[in-house]
Each structure stands twice: as structure tokens, then as C-alpha cells.
Amino acid sequence: MTHYLDFEKPLAEIEGKAEELRAMARGNEEMDISKEAAALDKKAADMLVDLYKNNLTPWRKCQIARHPERPHCKDYIEALFTEYTPLAGDRAFGEDDAVMGGLARFNDAPVVVIGHEKGYDTKTRLERNFGMARPEGYRKAVRLMDMADRFGLPVITLVDTPGAYPGKGAEERGQSEAIARSTQKCLQLRVPLVSVVIGEGGSGGAVAFATANRLIMLEHSVYSVISPEGCASILWKDAEKMREAAEALRLTAQDLTKLGICDSIIKEALGGAHRNIDDTIADVGKGISEMLATLGKMSPDELLKERRQKFLDLGSKGLAA
């Protein structure tokens with residue numbers, strides 16, 4: 001059953017009516033509903049175009065980025081990588097299921113892949129902590145990046161998190177220090193680092209994986225220093241002002257490209273990545289391949305220098321540039 005977002009309710013009604021007609025026809029072979037169903041399908045298709053081509057506000061993009069049927073890190077790893085060997089634990093405290101990572105082959109070349117995994121249903125979302133990593137998750141990522149650096153393996157990160165877990169235990173185990181160490185390790189790598197924001201990139205929890213040579217974003221993904229609800233709670237003391245906050249945060253892929261933060265946008269299917277998962281994953285694979293091909297021509301010193309300069313230059317471009 002398709003999950004519809006709030007702003008898609010009129011579309012849900014039309015597509016629901018078309019499906020009801022088809023269900024009635026399946027129960028009565030003498031009933032001919034082809035014309036009526038075709039008319040409803042056309043109306044739904046036109047409405048989908050109107051919603052996604054003309055009416056996508058930053059807040060609506062946030063909703064799409066959080067869509068429960070959107071492809072997750074696990075989907076990308078299974079489809080794009082071969083010989084994936086997961087590595088667990090931070091060698092200090094324990095394993096964090098919110099962070100997937102390990103050795104794999106991408107286009108038959110060895111790489112290290114790391115990403116946030118949110119889970120698909122209530123059970124897996126609880127197991128994965130809704131993609132919110134604890135300190136051991138970031139320390140595991142640092143361990144994997146150390147390994148990649150030692151053996152000269154490119155690093156690919158898949159970002160999809162509302163933010164790092166803010167719980168008491170995480171803070172007691174040094175959440176902010178773990179995020180800082182992961183961000184620092186990204187900047188120190190002498191191998192290519194490509195990050196893809198596949199859903200939402202929230203706060204330091206995303207930056208810890210996305211301080212990369214190249215940042216790719218899906219068309220309807222978002223990347224910001226804080227969630228719109230959190231921003232609204234701080235600025236206006238009212239989480240219901242999340243629409244205004246989303247507008248002010250400039251968190252869309254399109255705005256971030258103008259600001260020089262995002263290097264490439266991957267187009268999604270009409271209606272979002274969840275409406276054509278296979279093509280979306282294939283396009284992400286092509287985007288990663290192109291970036292790695294470019295970065296593969298650079299020396300370790302050049303990679304290090306370019307990545308450092310990229311982040312020193314942040315803020316030099318405005319939306320009017």
C-alpha cells in the first residue's frame with residue numbers, strides 16, 4: 001500500500017478511486033471501466049506533475065526526504081556493491097546498528113562504504129534507532145576510515161539521518177567528541193571521499209560522514225545544521241513554524257548547490273525516489289562512479305589539499321551568486 005504525504009492527499013483520493021474501479025471490474029468481468037479508469041489515471045498523472053514540478057516548498061522536500069518508502073542505505077549497498085563484508089564495533093564500547101559499514105567492491109574495485117540505516121518497520125527502526133547514531137557508531141566509522149587510509153581504499157558514505165542520538169547515555173560516552181573525531185578523520189584522509197545525501201542530512205550527525213571531496217545530493221534530499229522543527233522550537237518557541245524554518249534554513253539540494261556545498265544533484269523520479277527505486281539507485285551509482293573517476297586522477301596530497309580548501313571556502317558564495 002502506497003504511503004501518501006500530507007500534501008498528496010488529493011492525489012491519493014484520485015488514485016484510490018481508480019483502484020476501486022479496477023477492483024470492481026476484477027469482481028465482475030462484464031463491467032467495462034477502462035475509459036473511467038484511464039481518465040482518473042490521466043488526472044492523477046497531471047496532478048503529480050503539478051505537485052512535484054510547481055509546488056515543492058522546502059518543507060515539502062523535507063517530507064519527501066523522510067518518506068518511509070524511500071530507498072535506504074541497505075538498499076544501495078545491496079544493489080551497488082558486491083562482496084560487502086560488514087565490520088562491527090568501535091573496539092571501545094560496542095556495536096551501533098544505526099551505522100552500516102564495511103569492505104566492499106564498487107565497479108569491481110575495493111572500497112570502504114559507510115552509511116546511516118533508519119530501518120523499514122517498527123522493529124527494524126527501533127533496532128537501528130531511526131538512523132540516529134551513538135558515539136560508538138561514529139567511532140566505528142573512524143575505525144573504518146583509518147583502515148581505508150592505511151590500504152588506499154576510496155571511501156563512500158551514504159547519509160540519511162535526522163541527527164546524532166541526543167540521549168543521556170550517548171552524551172555520557174562523548175557524543176560531541178565522537179562526531180568531532182569523525183569529522184576530523186574525514187578531513188585527514190589521503191584517499192578519495194565521496195558522500196551522498198540519500199534522504200535527510202541532519203546536523204553534526206551528517207557532517208561527520210559528509211566532510212568529503214565531493215558531496216552528491218538526491219533531488220529531494222535535504223541537508224541542514226538542524227531540523228526545521230528544532231529550529232522553529234528555538235527561534236519561535238513553536239515547532240509548528242517548521243515551514244518557515246525550512247524556508248530560512250536553505251536546506252534543499254538546489255540552494256546548497258548555489259551556496260557551493262553540494263557538488264552534484266541526482267534527479268529523482270517524478271513523485272520522489274520511492275516511485276522508482278531501481279532507477280534512483282542506478283543513477284546514484286553513476287554519480288559515484290563519475291566522482292571517483294575524477295578524484296582517482298589526484299594524488300593523496302592533492303586530495304587532502306582540495307578537500308581542506310573546499311571547506312575553507314564555504315560561505316564565500318551566496319544564493320545570488
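You'll find the structure just up there.
Residues numbered from 1 in each chain as written. Predicted model: local features only at pLDDT ≥ 70, side-chain atom pairs only at ≥ 80, totals over all residues. Heavy atoms only, no water.

**Student:** Is there a simple way to think about the overall build of the chain in this case?
**Tutor:** Secondary structure summary: the chain contains 14 helices and eight strands in total. Over its C-alpha atoms the chain spans a radius of gyration of 21 Å, differing by no more than 12% from the 20 Å that the globule rule assigns to 321 residues. For the chain, the C-alpha atoms occupy an extent of roughly 70 × 50 × 40 Å along the three principal directions. Across the 321 residues that make up the chain, the buried fraction comes to 46%. A sequence separation of at least 24 residues applies to 72% of the contacts in the chain between residues at least 6 apart. Carbon and sulfur atoms make up 54% of the accessible area of the chain, which amounts to about 15600 Å² in all. The averaged location of the 50 negative side-chain charges in the chain is 5 Å from the averaged location of its 44 positive side-chain charges. (Helix = DSSP H or I, 4+ residues; strand = E, 2+ residues; numbered from the N terminus. Rg over C-alpha atoms; globule rule 2.2 N^0.38 Å. Buried < 20%, exposed > 50% of the residue type's maximum accessible area, 1.4 Å probe, protein only. Contact = heavy atoms within 4.5 Å. Areas by Shrake-Rupley, 256 points an atom, 1.4 Å probe, with all protein chains shown as cover. Lys, Arg positive; Asp, Glu negative; His and termini not counted. Charge placed at Lys NZ, Arg CZ, Asp CG, Glu CD.)

**Student:** Any chance you could explain the pattern of salt bridges here in plain terms?
**Tutor:** Two side chains that carry opposite charge are able to pair once their charged atoms sit near each other. Counting across every chain of the model gives 19 salt bridges. Residue E200 is joined to K118 by a salt bridge in which the shortest nitrogen-to-oxygen separation is 2.8 Å. Of this pair, E200 sits in strand β5 (residues 193-202) while K118 sits in the loop between β3 (109-116) and α5 (122-127), placing them 82 residues apart in sequence. Accessibility classification places E200 together with K118 in one group, the buried group. In this structure, K310 engages D263 in a salt bridge whose closest nitrogen and oxygen atoms are separated by 2.8 Å. Taken together, the residues span a long stretch of sequence, with K310 in helix α14 (residues 300-312) and D263 in the loop between α12 (253-258) and β8 (264-266) at a distance of 47 residues. Of the residues examined, K310 reaches a relative accessible area of 13% and is grouped as buried. (Salt bridge = Lys/Arg side-chain N within 4 Å of Asp/Glu carboxyl O.)

**Student:** Would you take a moment to explain the side chain of T183 for this structure?
**Tutor:** Relative to the elements of secondary structure, T183 occurs in helix α8 (residues 175-188). When its relative accessible area of 17% is taken as the criterion, T183 is described as buried. Those residues within four positions of T183 in sequence are excluded, and the remaining contacts are V207, A208 and T211.

**Student:** Explanation requested: the packing of helix α3 (residues 58-65) against helix α11 (residues 242-249) in the structure shown.
**Tutor:** Each pair of packed helices can be summarised by the angle the axes make with each other and by the distance between the axes. Contact pair α3 / α11: the axes reach a minimum separation of 7 Å and the direction vectors enclose 95 degrees. The pairing of α3 with α11 is recorded here as roughly perpendicular in orientation. Residues P58, W59 and C62 of α3 form the contact with α11, whose own contacting residues are M242, R243, A246 and E247. (Axes fitted to C-alpha atoms, helices over the stretch in contact; angles between N-to-C directions. Parallel < 35°, antiparallel > 145°, perpendicular 65-115°, else oblique.)

**Student:** What exactly am I supposed to notice about the environment of A39 here?
**Tutor:** Structurally, A39 can be placed in helix α2 (residues 34-54). We classify A39 as partly exposed; its relative accessible area is 48%. With 21 residues separating them along the chain, A39 and A18 place their C-alpha atoms 8.8 Å apart.

**Student:** Sorry, what's going on with the environment of G201 here?
**Tutor:** Within the secondary structure, G201 is located in strand β5. Residue classification places G201 among the buried positions, given a relative accessible area of 3%. A sequence separation of 50 residues divides G201 from L251, and the C-alpha atoms of the two residues are 9.1 Å apart. The contact partners of G201, leaving out residues within four places of it in the chain, are V159, T161, A206, V222, Y223 and S224.

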